Amino acid sequence: MIAQGLEWHRQGRQVLHGLDLELAAGTLTVVLGPNGAGKSTLLQLLSGLESPTSGAVRLDGEALHGWSEPQRARQLAVMTQDQPLDFPFSVEEVVRLGAWPLGLSPQQEADHGRRWLQRLDLAQLAGRNYLQLSGGERQRVQLARVLAQCGEQSRVLLLDEPVSAMDLRHQHLCLRQLRRLADAGMAVLLILHDLALAAQYGDRVLLLKDGRALAQGPVPEVMTAALLSQLFEVGVDVRFEDGVLRFSSFVADDAFQA
Amino acid sequence: MNPTGRLSPHLLHRLLWLLLPPVMALSLLVGPVSLSPEQLMTPGSRDFLILFELRLPRLLLSLFAGALLALTGASIQALFRNPLADPGLIGISAGAALAAVAALVFGGGWLLGALGPLLLPLAAFIGGLTVTALVARIARTPRGISVTTMLLAGIALNSIAAAAIGVMKYFSDDLSLRQVTFWLLGNLHRTDWNSALLLAVLALPLMALLLREGPQLNLLLLGEQQARLLGVVTHRLQRRLIVLVALGVGAVVSLGGLIGFVGLVVPHLVRLLCGPDNRALMPLSALLGALLLTLADVLARLLVSPAELPIGIVTALVGGPFFLFMILYRQRGRLWL
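Counting starts from 1 at the beginning of each chain's written sequence and moves along it residue by residue. Throughout, the order in which chains and ligands are written sets their labels, letters from A for the former and numbers from 1 for the latter. Residue-level local features of this predicted model are given only where pLDDT is at least 70; pairs of side-chain atoms are given and counted only at 80 or more, and the full residue set underlies all totals for whole chains, interfaces and linings. The side-chain figures draw on all heavy atoms in the structure; neither hydrogens nor water molecules are used.

Some points on the UniProt feature "transmembrane region" (unreviewed entry) in chain B
All names here are of chain B. The feature "transmembrane region" (unreviewed entry), as given by UniProt, occupies residues 59-80, 92-112, 118-139, 151-171, 241-266, 286-304 and 311-329 in the numbering adopted here. The secondary structure listing takes helices from DSSP runs of H or I that are at least 4 residues long and strands from runs of E that are at least 2 residues long, numbered from the N terminus. Here residues 118-139 is 91% helix and 0% strand, with 31 Å between the C-alpha atoms at its ends. Strand forms 0% of residues 241-266 and helix 81%; the C-alpha atoms that close the span are 19 Å apart. UniProt positions are given in the numbering used here, feature names are shortened, and annotations may be inferred rather than shown by experiment.

So this is what it looks like as structure tokens:
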């Protein structure tokens, strides 16, 4: 999936300024950036929910906005932040709804759904009412639903803060599944706020600030103290210890004084 | 897939089909005149005529009106992604009634001549369609449909329609006035074969078309964006639903008047018993709606016998408290039942 010169205006305000991005098969790309940088807008454009003011998103050289919804749904799975489900479906029912674009038989759909329930540690919750779950559990169910949409034709996975409400164990469990999908050949894009998780699971990183790409490239080249400090406007320390990148942030005492 | 505390939809299906024949028999046998078995066997006798010319079409009307009301209720709840949506509550029925009354009062002469028995259903359809589209437009926000706005808009539209109907009564002659009053309370007792068959002919294809949308409506419950990402062409689905619901409500209102709460309470009851999956919920709602409205019609004949209560009063007396109970139940901590 290639995005070229993406621009997006909303109510007279320009949210994205000429953004270029390539999501290659087998790569997990992480988008980092402060609130309001345009991360979710980028995801809306990449998913085809909105058309860019200028520029284009192409999948295999074809402009995405020319695709029909069913055609798009078979190749592209997307998790948005907002999940307004307000009906008392069971956890298993929610996950199985995700498999709809695959056109499976009821038996296949049940097996497929159960596989994703197990992979995301949801098997015990399968019969529970979705509305009675905690925020982190709901997020895991919605992630399982989105992943259940991935079939043989699936190429791209776009996820907006998919693990933000989860506990540590489940964050790793879920990100490992996403890593596995990337290794199996999918192009995965993740919006994250956790630097350590981004470095651990990502191949490439896009730093987004004020609708512009501050930098993009492989994790070790982009996740540097200088660039991250510039991105978040706080001090960020990066150390390389025991084969992993460790991050810590600090602010001066008078940093937030008017 | 049967989480604890839920009834299997197949079981409820079987149960409702088992209950249907006795309820239908009850509806045929109960009334101000008790029918004698011997007379029923004699074509042309008084009891025979009562059964075949009065009670049978009336039964047909109550079955189809109940099924259609419950099914349009379930559909509109999925469309607005809210279990509190109801064609009566958000003003669709009132809009349909207003248009039907207007057609009767102002267009009685030449329009009736041109369109015949289709005049009222057609007018009611246009009224219902206008209100549905209006509510959808008013309650629309970038994040989907706002429930509060939708219900408030419904209150306003209901009052406007009621006031406009009130004004029109001043312009109507004696005959139209009686007909108008007959509608507003919801009534099946003047049913003849023409209206019963007309409703059946309208209801069958409408119900078939609405039932086909079950799987896509499930996806719509996840959210409009989520449904699009799962391959649903949501704006087309929404447009189809608005037209089908307006047609259904228009047909029921024009032939049976304003019958409230069926569209709200019946899908709720089914959801409580069997869960929110529209593939099961919609046919079960239609079945239970047919059953309950027929029972309500029996009650309407029994409660003040030998006179008769308008059926709209019965459904409001039963459905209203049930609705309050549901609200209380939700307040106590469990969402949507």
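Here we look at the pattern of salt bridges
The working definition used for a salt bridge is a side-chain nitrogen of Lys or Arg within 4 Å of a carboxyl oxygen of Asp or Glu. Overall, the coordinates contain 19 salt bridges over all chains when judged by the stated rule. Among the salt bridges present, the one from E233(A) reaches K209(A), with a minimum N-O distance of 2.8 Å. With E233(A) in the loop between α9 (225-232) and β11 (235-241) and K209(A) in strand β9 (residues 204-209), this pair connects stretches of sequence that are 24 residues apart. For K209(A), a relative accessible area of 17% corresponds to the buried category. A salt bridge links R58(B) to E308(B), with the nearest nitrogen and oxygen atoms 2.9 Å apart. Placement of R58(B) in helix α3 (residues 46-79) and of E308(B) in the loop between α14 (278-302) and α15 (311-331) is noted, with a sequence separation of 250 residues between them. For every residue, the accessible area obtained with a 1.4 Å probe (protein chains only) is divided by the maximum for its type, and the residue is called buried under 20%, exposed over 50%, and partly exposed between those limits. Exposure remark for R58(B): the relative accessible area of 8% places this residue in the buried category. Residues joined in a network through salt bridges with shared partners are R239(A), E241(A), D242(A) and R246(A).

Remarks on the interface of chain B and chain A
We call two residues in contact when some of their heavy atoms are within 4.5 Å. In this assembly, 29 residues from chain B lie in contact with 33 residues from chain A. By definition, the buried area sums, over both parts, the 1.4 Å-probe accessible area that each loses when the two are put together. Between chain B and chain A, roughly 2900 Å² of surface is buried when both sides are summed, and carbon and sulfur atoms account for 61% of that area. Taken together, chain B and chain A are joined by two salt bridges. Its salt-bridge partner being R228(B), residue E69(A) comes within 3.8 Å of it at the nearest N-O pair. Here a polar contact means two N or O atoms within 3.5 Å. Within protein one must be a hydrogen donor candidate and the other an acceptor candidate, and residues neighboring in sequence count only if both atoms are side-chain atoms. At the surface where chain B touches chain A, the tally comes to eight residue pairs in polar contact (both at pLDDT 80 or more). Those elements that provide at least two residues to the side of chain B that touches chain A are α10 (214-221) and α11 (224-229) of chain B. With five residues, α10(B) is the largest single contributor of residues to the side of chain B that touches chain A. Residues were grouped as follows: Ala, Val, Leu, Ile, Met, Phe, Trp, Tyr, Cys and Pro as nonpolar; Asp, Glu, Lys and Arg as charged; and all remaining residues, including Gly, as polar. For the side of chain B that touches chain A, the residue count by class is 14 nonpolar, eight polar and seven charged.

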